[in-house]
Amino acid sequence: MTVVVNGETRELRDGATVVELLSAMDLSAEARGIAVARNGGIVLRAEWVNTTLAPDDHVEVLHAVQGG
Amino acid sequence: MRSRAAERDDDLVIAGEHFRSRLILGTGGAPSHDILEDAVLASGTEIVTVAMRRITRSGAGSVLDVVERTGCRVLPNTAGCYTARDAVVTARLAREALETKWIKLEVIADERTLLPEPVDLLDAAEQLVEDGFVVLPYANDDPVLAHRLEDVGCAAVMPLGAPIGSGSGIRNPYNLRIILERARVPVILDAGVGTASDAAIAMELGCAGVLVASAITRAEKPVLMAEAIRKAVEAGRLAHLAGRIPQRLYAEASTAWEGIADLTAHTG
């Protein structure tokens, strides 16, 4: 299936979880300083492992940068 | 030396937390993490802001490494949000990523002025306080809005001196004075500082602290400016505590008139 991650399309297996997406991005589920939003709502860290993505989901994977 | 000891106990207190420094450093605009780290140390700050953005693969290290090495508290912001909804979601994402319930709340109206959007700002502040956040809102220099933000439970109010990055100082010191007179939470000047004297003026007026980003990070020599603004904040605070003399149109002699000699050229 195709999902949109940080504005770019990405292919994942059907029913892939947030953890699998992060893994495909070389990010560990334990990585600190990261937050995930899906279709405009937050996915809590504790829910990453059980949250399955659907085709055309819009996912944002964010971290802290210089700002403010 | 008792008075000096009292000065050293003059902490900035936000939501029950004590800080020795009254300068908050915004990290946006620093040329590199190395320069940022040196500037953080030179500024003496204990609170630094960060923003939440899409993760990219770069080997540049993380701003969080700087935060960790310098021992500062991280204060995430909601920079770039135009609506209460976006700001609330961004605050929750920051809380999730950084494990802090502190948030510098920014809801801006447009890109050209970067002025706060007051209606959505108040709405977002209320939602976030309800959700347990320690909310520090970047606000207009409007005494009414500042009061409303305090009423909904913000831990501080952060009125602007002038638009973000404009470096044009405190454009409306009269409004700031009204805000300061009525506030029961710390008032932190946010945005507008261009150089050390602007920070000193904010502190002399009675601000509890000053948040500075561009004036330091975009200065020709950020580390030197960080030190200058640190000293300005300290000097301004001391001057505020010391109580300045009133401003007068005419002179007020500092030397007593009594006992003045009669130097007329008397002739016998």
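Everything numeric here is computed off the predicted structure, so don't read it as measured data.

(A) Layout of the overall build of chain A. Looking only at helices and strands, chain A features 1 helix and 5 strands. Starting at the N terminus, the α and β elements of chain A follow one another as β-β-α-β-β-β. In terms of overall dimensions, chain A has C-alpha extents of about 35 × 20 × 20 Å along its principal axes. Every one of the 68 residues in chain A was classed for burial, and the buried ones make up 28%. Of all intrachain contacts in chain A linking residues separated by at least 6 positions in sequence, the fraction that spans at least 24 positions is 57%.

(B) Main features of the interface of chain B and chain A. Each partner contributes to the interface: chain B provides 27 residues, whereas chain A provides 19 residues. Secondary-structure elements contributing two or more residues to the side of chain B that touches chain A are β4 (47-54), α3 (63-70) and α4 (84-98) of chain B. Counted by class, the side of chain B that touches chain A contains 16 nonpolar, 6 polar and 5 charged residues. Bridge count between strand β5 (residues 58-66) of chain A and β4 of chain B: 5 bridges; the pairing is antiparallel. Across the sheet, A64 of chain A pairs through a bridge with M52 of chain B, a residue of β4 of chain B.

(C) Spotlight on the confidence of the model for chain B. Scored by pLDDT, chain B has a mean of 94; 96% of the residues are at 70 or more. Scored by ipTM, the complex comes to 0.94, with pTM at 0.92.

(D) How the structure looks around the nonpolar core. Residues and elements named next belong to chain B. If you look at the biggest cluster of nonpolar residues, it comprises 100 residues, and the most contacted ones within it are L105, I188, A199, V210, V212 and I229. Sorting elements by how many residues they give to this core places α4 first, with 9 residues. Beyond its immediate sequence surroundings of up to four residues, V210 is in contact with R22, L23, I188, L189, V193, A199, A202, M203 and V233.

(E) Inspection of the packing of helix α2 (residues 33-43) of chain B against helix α10 (residues 222-242) of chain B at higher detail. All names here are of chain B. Relative orientation of the contacting elements α2 and α10 amounts to 20 degrees, with a least axis distance of 8 Å. Relative to α10, the element α2 is oriented roughly parallel. Crossing geometry of α2 relative to α10 is assigned as right-handed. Counted together, I35, D38, A39, A42 and S43 of α2 and P222, V223, A226, E227, I229 and R230 of α10 form the full contact between these two elements. Partitioning the contact of α2 with α10 into residue classes produces 7 nonpolar, 1 polar and 3 charged.

(F) Structural context of the pairing of strand β7 (residues 134-139) of chain B. All names here are of chain B. Along β7, 5 of the 6 residues are buried, which leaves the element largely enclosed by surrounding structure. One ladder, built from 4 bridges, connects strand β6 (residues 102-105) with β7; its direction is parallel. Its bridge partner being in β7, L105 is matched across the sheet by P137. Considered for its hand, the β-α-β crossover made up of β6, helix α5 (residues 118-130) and β7 is right-handed. Where β7 and strand β8 (residues 158-159) come together, 2 bridges link them in parallel fashion. Its bridge partner lying in β8, A139 is registered against P159. One crossover worth recording links β7 to the parallel β8 by way of helix α6 (residues 143-151), and it is right-handed.

(G) Just α3 of chain B, in detail. Of the residues making up α3 of chain B, those classed as buried are V63, V66 and V67 of chain B. Seen along its axis, α3 of chain B keeps its buried residues to an arc of 100 degrees; they face one direction. Summarising the geometry of α3 of chain B, the exposed residues directed more than 90 degrees from the buried face are D65, E68 and R69 of chain B. Where the residues of α3 of chain B are buried, they touch β5 of chain A together with α2, β4 and β5 (73-76) of chain B. One or two steps after α3 of chain B, the chain reaches G71 of chain B, where phi turns positive at roughly 70 degrees.

Conventions and cut-offs
- As a convention, each chain's residues are numbered from 1 in the sequence order in which they are written.
- Chains and ligands are labelled sequentially in the order written, the chains with letters from A and the ligands with numbers from 1.
- In view of the model being predicted, local features appear only for residues whose pLDDT reaches at least 70, and side-chain atom pairs are presented and counted only at 80 or more, with totals across whole chains, interfaces and linings using the full set of residues.
- Numbering goes from the N terminus for both helices and strands, where a helix is a DSSP run of H or I of at least four residues and a strand is a run of E of at least two.
- Note on burial: count the other C-beta atoms lying within 10 Å of the residue's C-beta; 20 or more is buried, 12 or fewer is exposed, in between is partly exposed, and C-beta positions come from the backbone.
- Contact definition: two residues whose C-beta atoms, as placed from backbone geometry, lie within 7 Å.
- Throughout this entry, Asp, Glu, Lys and Arg are counted as charged residues, while Ala, Val, Leu, Ile, Met, Phe, Trp, Tyr, Cys and Pro are counted as nonpolar. The remaining residues, Gly among them, count as polar.
- Strand pairing follows a simple DSSP-based rule, namely that at least 2 bridges must link the two strands.
- The predictor attaches a confidence to each residue, and that confidence, scored 0 to 100, is pLDDT.
- To form a nonpolar core, buried Ala, Val, Leu, Ile, Met, Phe, Trp, Tyr and Cys residues must be joined through C-beta atoms within 7 Å.
- For every element, the axis is a line fit to its C-alpha atoms; helices are fit only across the contacting stretch, and the angle between N-to-C directions ranges from 0 to 180 degrees.
- Here is the rule for angles: anything less than 35 degrees is roughly parallel, anything more than 145 is roughly antiparallel, 65 through 115 is roughly perpendicular, and the remaining ranges are oblique.
- A clockwise turn of the near helix away from the far one marks a right-handed crossing, whereas an anticlockwise turn of less than a right angle marks a left-handed crossing.
- When the strands point away from the viewer and the connection leading from the first strand across the helix to the second strand turns clockwise, the crossover is called right-handed.
- The directions considered for the arc run from the helix axis to the C-beta atoms.

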